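In case you want the letters, here they are:
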Amino acid sequence: MSLESATRIALIYPELLGTYGDGGNATVLAQRLRWRGLPVEVVGVPAGEPVPGGCDIYLLGGGEDEPQVLAAEGLRRNSAIAQAVAQGAVVLAVCAGYQVIGTSFPAGEGQVHDGLGLVDVETRRSFDPPDHPVPPRAVGDIVVEPAPELALPLLLGYENHGGRTRRLPGGHGRPLGLVRKGIGNGTPERTDGIVDGHVIGTYLHGPVLAQNPALADLLLSWVHGRLPELAGPPETEVLRQARLHALDVHA
Ligand code: GLN
């Protein structure tokens with residue numbers, strides 16, 4: 001098959017947004033395409049390089065506060081991702097990446113930094129009045145019951161973030177799902193993430209697509225339409241069930 005027909009997966013700024021291993025999401029998507037005999041090209045986009053247009057899937061991972069600001073500044077220099085999204089490209093943005101694709105996020109003492117505004121969410125240390133203490137960092141396992149229309153099994157992962165994220169009033173999109181264990185967006189509705197068209201933001205590390213292959217296949221179906229089922233690897237389901245059992249979460 002020609003390279004032109006390969007699915008192009010852009011892994012954005014792995015040096016800045018790679019702290020939590022989310023680059024594994026590119027590996028999972030690529031492998032699930034190869035297992036189906038479909039050609040794939042993973043396009044690493046080093047920090048400082050322009051983001052290429054014309055990719056099918058854009059992946060942004062988690063990172064620490066300062067690298068996250070650098071990533072947002074780099075990404076705001078061109079509108080390649082926004083243009084690709086307008087043409088139907090898929091985006092999966094995790095934690096810092098999720099905060100960056102929103103409208104704004106915290107950046108140091110009382111400062112707020114502009115995001116890309118790809119999705120209608122905003123992130124702060126806390127949404128409580130100033131006399132409330134800032135909530136503790138959300139660290140640990142997270143289990144999310146996906147929105148029913150996604151037709152996915154429970155989503156498993158881990159989270160590690162200080163930010164709390166809420167949807168803008170009247171904004172587009174819906175939460176990725178309801179938090180059954182953990183913090184997620186950290187708002188009273190107990191939701192995690194956002195889905196708006198083919199753009200997903202979430203707090204789940206794992207990498208999320210390794211722990212949740214059905215979510216990987218949902219993203220691939222947005223590019224390719226319905227794909228043939230994949231049998232393996234069976235270990236994934238064994239490990240998923242073991243985690244759910246250990247966390248006392250039932251499907
Ligand atoms: N720096 C962000 C926060 O602490 C994101 C952390 C992450 O990506 N895990 O909220």
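On a predicted model such as this, the values are computed, not experimentally measured, just so you know. (Residues numbered from 1 in each chain as written. Predicted model: local features only at pLDDT ≥ 70, side-chain atom pairs only at ≥ 80, totals over all residues. Heavy atoms only, no water.)

Digging into the overall build of the protein
So, step 1. Of the regular secondary structure elements, the protein holds 7 helices and 14 strands.
So, step 2. Reported as C-alpha extents along the three principal axes, the dimensions of the protein are approximately 60 × 45 × 30 Å.
So, step 3. For the protein, buried positions account for 49% of its 251 residues.
So, step 4. Counting contacts in the protein only where the partners sit at least 6 residues apart, residues at least 24 apart contribute 69% of the total.
So, step 5. Approximately 11600 Å² of the protein is accessible, and the part contributed by carbon and sulfur atoms is 54%. (Helix = DSSP H or I, 4+ residues; strand = E, 2+ residues; numbered from the N terminus. Buried < 20%, exposed > 50% of the residue type's maximum accessible area, 1.4 Å probe, protein only. Contact = heavy atoms within 4.5 Å. Areas by Shrake-Rupley, 256 points an atom, 1.4 Å probe, with all protein chains shown as cover.)

Focus on the site of the ligand
So, step 1. Around the ligand, 15 residues are found, and the nearest of them are Asp65, Cys95, Asn160, Gly162 and Gly163.
So, step 2. One nitrogen or oxygen atom from the main chain of Gly63 is found 3.0 Å from an oxygen atom belonging to the ligand.
So, step 3. One of the side-chain nitrogen or oxygen atoms of His205 is found 3.1 Å away from a nitrogen atom of the ligand.
So, step 4. For the ligand, the protein covers 99% of the area, taking 300 Å² as the surface of the free molecule.
So, step 5. For the shell around the ligand, a count of residues per class yields 3 nonpolar, 9 polar and 3 charged. (Near = heavy atom within 4 Å. Polar contact = N/O pair within 3.5 Å; in protein donor to acceptor, adjacent residues only side chain to side chain. Nonpolar A, V, L, I, M, F, W, Y, C, P; charged D, E, K, R; others polar.)

What to know about the sheet that holds strand β11 (residues 177-181)
So, step 1. If you trace the 4 strands from one edge of the open sheet to the other, you get β9-β8-β11-β12, paired in antiparallel fashion. The open sheet terminates on both sides in strands that have one partner only, identified here as β9 (155-161) and β12 (191-192).
So, step 2. As paired elements, β11 and β12 share 2 bridges and run antiparallel to each other. Paired with Leu178 across the bridge in β12 is Thr191. (Pairing = 2+ DSSP bridges.)

Some remarks on the pattern of salt bridges
So, step 1. For the coordinates displayed, the defined rule picks out 11 salt bridges.
So, step 2. Note that Arg124 and Glu122 form a salt bridge whose closest N and O atoms lie 3.7 Å from each other.
So, step 3. Classification of Arg124 by relative accessible area gives partly exposed; the value is 22%.
So, step 4. Through salt bridges with shared partners, a single network forms among Arg32, Arg36 and Asp217. (Salt bridge = Lys/Arg side-chain N within 4 Å of Asp/Glu carboxyl O.)

Side note on the side chain of Glu122
So, step 1. Here Glu122 is to be found in strand β7 (residues 121-124).
So, step 2. Excluding residues that lie within four positions of it along the chain, Glu122 makes contacts with Thr103, Ser104, Phe127, Arg164, Thr165, Arg166 and Leu168.

Points about the packing of aromatic side chains
So, step 1. For the structure on display, the rule yields 1 aromatic pair.
So, step 2. Between Tyr98 and Tyr203, the aromatic rings sit 5.2 Å apart at their centres with planes inclined by 75 degrees, giving edge-to-face as the arrangement. Of this pair, Tyr98 sits in helix α4 (residues 96-101) while Tyr203 sits in the loop between β14 (199-202) and α5 (208-211); the two residues are 105 residues apart in sequence, bridging distant segments of the chain. The pair Tyr98 / Tyr203 is uniform in exposure class, with both members buried. (Phe/Tyr/Trp six-rings, centres within 6.5 Å; stacked < 30°, edge-to-face > 60°.)

Examining the sheet that holds strand β13 (residues 194-196)
So, step 1. Strand order in this open sheet of 6 strands is β2-β1-β3-β4-β14-β13, and the pairing throughout is mixed. Two strands lie at the open edges of the sheet, namely β2 (40-45) and β13, each paired on one side alone. The sheet shows a mean angle of 15 degrees between the axes of neighbouring strands, taken without regard to direction.
So, step 2. Relative to strand β3 (residues 57-60), strand β1 (residues 7-12) is paired through 3 bridges, and the arrangement is parallel. Paired with Ala10 across the strands is Tyr58, a residue of β3.
So, step 3. Against the sheet, helix α1 (residues 24-34) makes contact with β1, β2, β3 and β4 (90-94), and its axis sits at roughly 170 degrees relative to β1, the strand it touches most.
So, step 4. The sheet contacts of helix α6 (residues 213-224) involve β1, β3, β4, β13 and β14, and relative to β4 the element is tilted by about 155 degrees. (Axes fitted to C-alpha atoms, helices over the stretch in contact; angles between N-to-C directions.)

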